Amino acid sequence: MNADARYDPVALTQTLLRMNTVNQDGRGNEEACSRHLAELVSAAGFECRLADFGERRTSLVARIGRRTARPALAFTGHVDTVPLGASPWSRDPFGGEIADGRLYGRGASDMKSGVAAFVTAALELAAMLREGPGVVLIITAGEESGCEGALHVVRQPELLPLLDGIGALVVAEPTGNRPLAAHKGALWLRAAAKGVTAHGSMPERGDNAIYKLAPALLQLRDYDFGLPPHPLMGKPTLNVGLIAGGLNINSVPDAASFTIDIRSVAGQDHAAILNELAALLGPEIALETLIDMASVHTDPRDPWMRRVTELATPGEEPGSVAYFTDAAILRPALGNPPTVILGPGEAHMAHQTDEYCLVERIAQAKEFYRRIIVDWMR
Ligand SMILES: [Zn+2]
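Residues numbered from 1 in each chain as written. Predicted model: local features only at pLDDT ≥ 70, side-chain atom pairs only at ≥ 80, totals over all residues.

A. The arrangement of the sheet that holds strand S4 (residues 98-99) in detail. Read from one edge of the open sheet, 3 strands run S4-S5-S16, paired in antiparallel fashion. With partners counted over all chains shown, the strands left at the sheet margins are S4 and strand S16 (356-358), one partner each. In the sheet, strand S5 (residues 102-104) pairs with S16 via 3 bridges, with the strands oriented antiparallel. Of the residues in S16, the one forming a bridge with Arg 102 is Leu 358. Packed on one face of the sheet, helix H11 (residues 359-377) meets S4, S5 and S16 and runs near 65 degrees to S16. (Pairing = 2+ DSSP bridges. Helix = DSSP H or I, 4+ residues; strand = E, 2+ residues; numbered from the N terminus. Contact = placed C-beta atoms within 7 Å. Axes fitted to C-alpha atoms, helices over the stretch in contact; angles between N-to-C directions.)

Put into structure tokens, the structure is as follows:
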């Protein structure tokens, strides 16, 4: 491997794409990917720690720089991907193939390109980073299944010294290289009703759980959080996505449930939302929390956020997205540093058949990360 190839973000994205890291049904395979990245950065002088939360479910935390009063800059990205889906691909999802300026593969946009771009930027600047406050790379497994890798990382006492003293966070999720200052939070709930089963020909002997559930569910159709739209993040949303209940056609159902997917904005308290819904749905409905991810929001007027925006998209205002990221877990654990979401992938390509990333955006992202690092070290 020659010196230039080490710093080539497209080649590194291809290498990562050729490793199958699909995260499905509680299983995953991020170890080879995280170990490969650990070898690359430790050769450049990074201190590395691998953290397994399951078999072959490996996250990586790497740090370089002097411990000074000045805080370090952190980058984060995940190396797991969603499954391929039911539709056939017209390209090899693990081939790393380039055609017409597009790099194809599962994870090309979400988000191996982003990881490769910040890793190569940090590798290229390693000599400078050693002498300054430095950077921390937080590369997680198990993001797609609810940030389980990030949750594991922040709970490991032996990783705390590497995660200490971080002054800003870059999340390399797909944004088409546009800086975003916020993403919504996610509160996923299951609402359940219980009853008593009986033969369908004698419904008076049972207690029908579906009849309890249905009126509660319909109250949510036009649910209003009673908030004006957030200036950056818009309105919170609520969706009922899944419903289940009953045994068969000729029994009185003794259990029924539905799920609620709430996407919250900055300033909303998830515990308060939960209390309000419990009161609305009534005592017959039990609510269980499935996922609780805080929203992430940095004031667009924050000085660092302004500089990042100037470096990447001069003259524009940072935006916001609805999907959640590992920052929901990492940011509070790191002391809520200003956080930008900025990555080369195309958000609309995430989780799609024939997922790709535009090749030129990968090099552009690396250049943005390089500028952000150089600016931080000044
Ligand atoms: Zn992602």
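B. Just the environment of Val 296, in detail. Turning to its location among the elements, Val 296 is positioned in strand S13 (residues 296-297). Take Val 296: there are 30 C-beta atoms within 10 Å of it, and that puts it in the buried class. A sequence separation of 58 residues divides Val 296 from Leu 238, and the C-alpha atoms of the two residues are 18 Å apart. (Buried ≥ 20, exposed ≤ 12 C-beta atoms within 10 Å, placed from the backbone.)

C. A look at the sheet that holds strand S12 (residues 286-293). Read across the sheet, 4 strands follow the order S10-S11-S9-S12 without closing on themselves; strand pairing throughout is antiparallel. Edge positions in the open sheet fall to strand S10 (237-245) and S12, since each of these has one partner strand only. Adjacent strand axes in the sheet meet at a mean angle of 15 degrees when their direction is disregarded. Inspection of the sheet shows S10 paired to strand S11 (residues 255-264) by 7 bridges, in the antiparallel sense. Across the sheet, the residue bridging to Asn 239 is Asp 261, located in S11.

D. Local environment of the pairing of strand S9 (residues 185-194). Looking at chain direction, S9 and S11 are connected through 10 bridges and run antiparallel. When the bridges of S11 are listed, Trp 188 appears paired with Asp 261. Pairing geometry for S9 and S12, over 7 bridges, is antiparallel. Looking at S12, one finds that Ala 186 is bridged to Met 293.

E. Expanded view of unusual backbone geometry. Between Asp 110 and the following residue, Met 111, the backbone shows a cis peptide bond with an omega angle of -5 degrees. Here Met 111 lies in helix H4 (residues 108-124). Positive phi outside glycine occurs at Cys 147, with the angle close to 60 degrees. As for its placement among the helices and strands, Cys 147 is situated in the loop between strand S6 (135-140) and helix H6 (148-154).

F. Broad picture of the environment of Leu 73. Within the element layout of this structure, Leu 73 appears in strand S3 (residues 72-78). Along the chain, Leu 73 and Asp 25 lie 48 residues apart, while their C-alpha atoms are 34 Å from each other. In contact with Leu 73, other than residues within four places in its own chain, are Val 135, Gly 167, Ala 168, Ile 373 and Trp 376.

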